[in-house]
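Read off the chains here:
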Amino acid sequence: MLRLYYARRPDTETAALTARLPAWRRETLERLKNEDARRSSLGAGLLWRRVMEENGLDPDAPVRRLGAGKPVFAGGGACFSLSHSGELCLCALSDGPVGADIQKPRPAKLSIARRFCADERAYLESLPAAEQNDALMALWARKEAWVKAMSRERMLALDEYSVLAGGAPWLFTDFRVEDCFGSVCAATRAAAPERLEI
C-alpha cells in the first residue's frame, strides 16, 4: 500500500484548528514563531489527521521521533511522511518506509547542488539555463524524499545517494501538484496525489 494525499493549508491559525492536532504535532507547532511556517505546519498536521481517519488508522495513536527527527508510530505499523511548501501540504502513507517532499518553485542558484552527488550536478549543468531551475526543484524534491525515507538515527547527507540512478529497493514517483514539484520515495510507485479537504 502506498497512498498520497495533498491539501491546501488553512488561511488562518485558530484555536479550534490547533485543538484538532495530535499532541506530537502540537509540539511541533508550538516551537514555530513565524506565522507562515505555523500555518504550513498546522496544515500538514490537519492533513495527517484526515489521512489517518480516511485510512481507518487512529490519529491519536502515540507517535515518537527517531534520532534523525523522523516521526513514526510508537507501536510500529504504517509509515508516513509529511511535507509542505507554499500553500500546499503533502502526506504519504505506506506499509513500508516512505519519504515524500513537495517544493514550490522559487528562484534558486545552481550552486546549491554542490551538496548533491557528482552525477546529479553534471545533469543539472548539462541542461539549458532556462530549464535548470525547474530541474533543480524537481531534483531537490527527490533528494528530500529519499532523506525522509532513509533517515533513522542520523540525518543522511544529500550526497550519500544519487536519486538519478534510482532503482530497487528505492523507486521514485515524481509529480506536479498545482505549481509545485513533488516526489515520493518508497519500495513501490505511488498513484497521483488525491486532494483532501481539511
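For the structure itself, look to the data block above.
Residues numbered from 1 in each chain as written. Predicted model: local features only at pLDDT ≥ 70, side-chain atom pairs only at ≥ 80, totals over all residues. Heavy atoms only, no water.

**Focus: the environment of Arg106**
Part 1 of the reasoning: Relative to the elements of secondary structure, Arg106 occurs in the loop between β6 (99-103) and α4 (118-126).
Part 2 of the reasoning: If we ignore the near neighbours within four places in the chain, the residues touching Arg106 are Asn133 and Met137. (Helix = DSSP H or I, 4+ residues; strand = E, 2+ residues; numbered from the N terminus. Contact = heavy atoms within 4.5 Å.)

**Let's talk about the sheet that holds strand β9 (residues 194-195)**
Part 1 of the reasoning: Spatially, 4 strands are ordered β4-β5-β1-β9 in an open sheet, and the strand pairing comes out mixed. The open sheet has two edge strands, β4 (79-85) and β9, and neither has a second partner.
Part 2 of the reasoning: Across 7 bridges, the pairing between β4 and strand β5 (residues 88-94) is antiparallel. Note on β5: the bridge partner recorded for Phe80 is Leu93.
Part 3 of the reasoning: Along the sheet face, helix α3 (residues 35-54) touches β1 (2-8), β4, β5 and β9 and points at about 35° away from the line of β5. (Pairing = 2+ DSSP bridges. Axes fitted to C-alpha atoms, helices over the stretch in contact; angles between N-to-C directions.)

**Some details on the packing of aromatic side chains**
Part 1 of the reasoning: Counted by the stated rule, this structure contains 7 aromatic pairs.
Part 2 of the reasoning: Arranged with centres 5.8 Å apart and planes meeting at 45°, the rings of Trp24 and Phe80 form a pair that is tilted. Of this pair, Trp24 sits in helix α2 (residues 23-31) while Phe80 is found in strand β4, placing the two residues 56 residues apart along the sequence.
Part 3 of the reasoning: Accessibility expressed as a relative area gives 7% for Trp24, which makes it buried.
Part 4 of the reasoning: Relative accessible area serves as the criterion here: at 3%, Phe80 is assigned to the buried category.
Part 5 of the reasoning: Ring geometry for Phe73 versus Phe80: centroids 5.3 Å apart, planes at 70°, classification edge-to-face. In this structure, Phe73 and Phe80 share a single accessibility class: buried.
Part 6 of the reasoning: Here the aromatic residues Trp24, Trp48, Phe73 and Phe80 are joined through ring pairs into a cluster of three or more. (Phe/Tyr/Trp six-rings, centres within 6.5 Å; stacked < 30°, edge-to-face > 60°. Buried < 20%, exposed > 50% of the residue type's maximum accessible area, 1.4 Å probe, protein only.)

**Digging into the environment of Leu158**
Part 1 of the reasoning: By the element assignment, Leu158 lies in the loop between α5 (129-150) and β7 (171-177).
Part 2 of the reasoning: When its relative accessible area of 9% is taken as the criterion, Leu158 is described as buried.
Part 3 of the reasoning: Counting along the chain gives 144 residues from Leu158 to Thr14, while the straight-line C-alpha distance between them is 36 Å.
Part 4 of the reasoning: Leave out the neighbours within four places in its chain, and Leu158 touches Arg115, Phe116, Cys117, Glu120, Trp140, Lys143 and Val147.

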